[in-house]
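# Per-entry structural report
One letter stands for each residue in the lines below.
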Amino acid sequence: MSLSLKDQNAVRLYAIVAANLAAFLALQRSGALSAGDWAGVLSDWPSAASAALGLILVGLLNAQVDALTKARLVYLRLADPLPGAEAFTRWGPADERVDMAALTAQFAALPTAPAEQNRLWYRIFKSVESDLGVEHAHREYLFTRDFAFLAALMIPVLAMCAVFTFPSAGHTALYTAALVGQFILSLRAARHHGRRLVCTALAVAGARTVGPSAAVLA
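Because the structure is a prediction, the values reported are computed rather than measured.

Our next topic: the overall build of the protein. For the protein, the helix and strand inventory stands at 10 helices and zero strands. Going from the N terminus to the C terminus, the protein shows its helices and strands as α-α-α-α-α-α-α-α-α-α. Put simply, of all contacts in the protein between residues at least 6 apart along the chain, 76% involve residues at least 24 apart. With the model as given, the accessible surface of the protein reaches about 11,400 Å², and the carbon-plus-sulfur share is 66%.

See below:
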């Protein structure tokens, strides 16, 4: 049985959590590491337990939150946050791969209301989701969306742990800034891949209406 896209992304998300924990531990024990006090590092493992437990809870929470809530975080809007909500008024016309005329001919008047746009786009997506380019774009959107959500949760959890366990306020400030930077970068990546998913599905669907399926770069 083939793995779902979310299951395929699980290893990468676990790696991100592990990397964040490793970075936290390295900064927390930076003084001992620079002094070569490896015994001190190993003996101080209880002080890192709060960060490890926090990351476990972050991972569990990520698995419980629905796609709509995550999309609201990615696009920073409550109403119609899914990427397909602007498929025909913004993303499709701006992508040179998308044949808007072919889509209009197939679906008549294309909707302009966000909710209706997303519904039609989803119908189109389901008809082409087996295309390799669409599948790749979908997998990357799901990964970066979940990464952004994890990064957002890590900011309060790990920053609070840093306040009580880091060697100085300077270390804490730099680490918190890095957490915020991670969130911003993952947010931008999720928006990029969301747009790519929308446009790739439209491009494949448009190509199929005018002839044999064409190869579309994802």
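Time to look at the pattern of salt bridges. Applying the stated criterion to the full structure yields eight salt bridges. Here Arg12 ties to Glu140 by a salt bridge, and the two come within 3.1 Å at their closest N and O atoms. Residue Arg12 is found in helix H1 (residues 5–28), and its partner Glu140 is found in helix H9 (residues 132–165); the two are separated by 128 residues along the sequence. For the salt bridge of Arg145 with Asp146, the shortest nitrogen-to-oxygen distance reads 3.1 Å. Asp146 matches Arg145 in its accessibility class, with the two residues each being buried. When salt bridges that share partners are traced, they join Lys70, Arg145 and Asp146 into one network.

For the rest of this paragraph, the subject is the nonpolar core. As a rule of thumb, nonpolar side chains are buried together in soluble globular proteins. Residues Phe88, Trp121 and Leu202 are the most contacted members of the largest nonpolar core, which totals 54 residues. Secondary-structure elements contributing two or more residues to this core are H1, helix H4 (49–64), helix H5 (67–75), helix H6 (87–94), helix H7 (100–107), helix H8 (114–128), H9 and helix H10 (169–210). With residues up to four places along the chain from it excluded, the contact list for Trp121 reads Gly84, Ala87, Phe88, Leu197, Val198, Ala201 and Leu202.

On to the packing of aromatic side chains. Each aromatic ring pair is characterised by the separation of its centres together with the angle its planes make. Throughout the structure, instances matching the rule amount to six aromatic pairs. Judged by centre distance (5.1 Å) and plane angle (45°), the ring pair of Phe24 and Phe166 falls under tilted. Note that Phe24 is positioned in helix H1 and Phe166 in the loop between H9 and H10, a separation of 142 residues in sequence. The burial state of Phe24 is the same as that of Phe166; both residues are buried. With a centroid separation of 5.2 Å and 50° between ring planes, the pair formed by Phe166 and Tyr175 is classed as tilted. For Phe166, a relative accessible area of 8% translates into the label buried. When the ring centre of Phe143 is taken as origin, the NZ or CZ atom of Arg12, which lies over that ring, is 3.9 Å away.

Each value, and the rule that gives it
- Residues numbered from 1 in each chain as written.
- Predicted model: local features only at pLDDT ≥ 70, side-chain atom pairs only at ≥ 80, totals over all residues.
- Heavy atoms only, no water.
- Helix = DSSP H or I, 4+ residues; strand = E, 2+ residues; numbered from the N terminus.
- Contact = heavy atoms within 4.5 Å.
- Areas by Shrake-Rupley, 256 points an atom, 1.4 Å probe, with all protein chains shown as cover.
- Salt bridge = Lys/Arg side-chain N within 4 Å of Asp/Glu carboxyl O.
- Buried < 20%, exposed > 50% of the residue type's maximum accessible area, 1.4 Å probe, protein only.
- Core = buried A, V, L, I, M, F, W, Y, C linked by side-chain atoms within 4.5 Å.
- Phe/Tyr/Trp six-rings, centres within 6.5 Å; stacked < 30°, edge-to-face > 60°.
- Lys NZ or Arg CZ within 6 Å of the ring centre and 35° of its normal.

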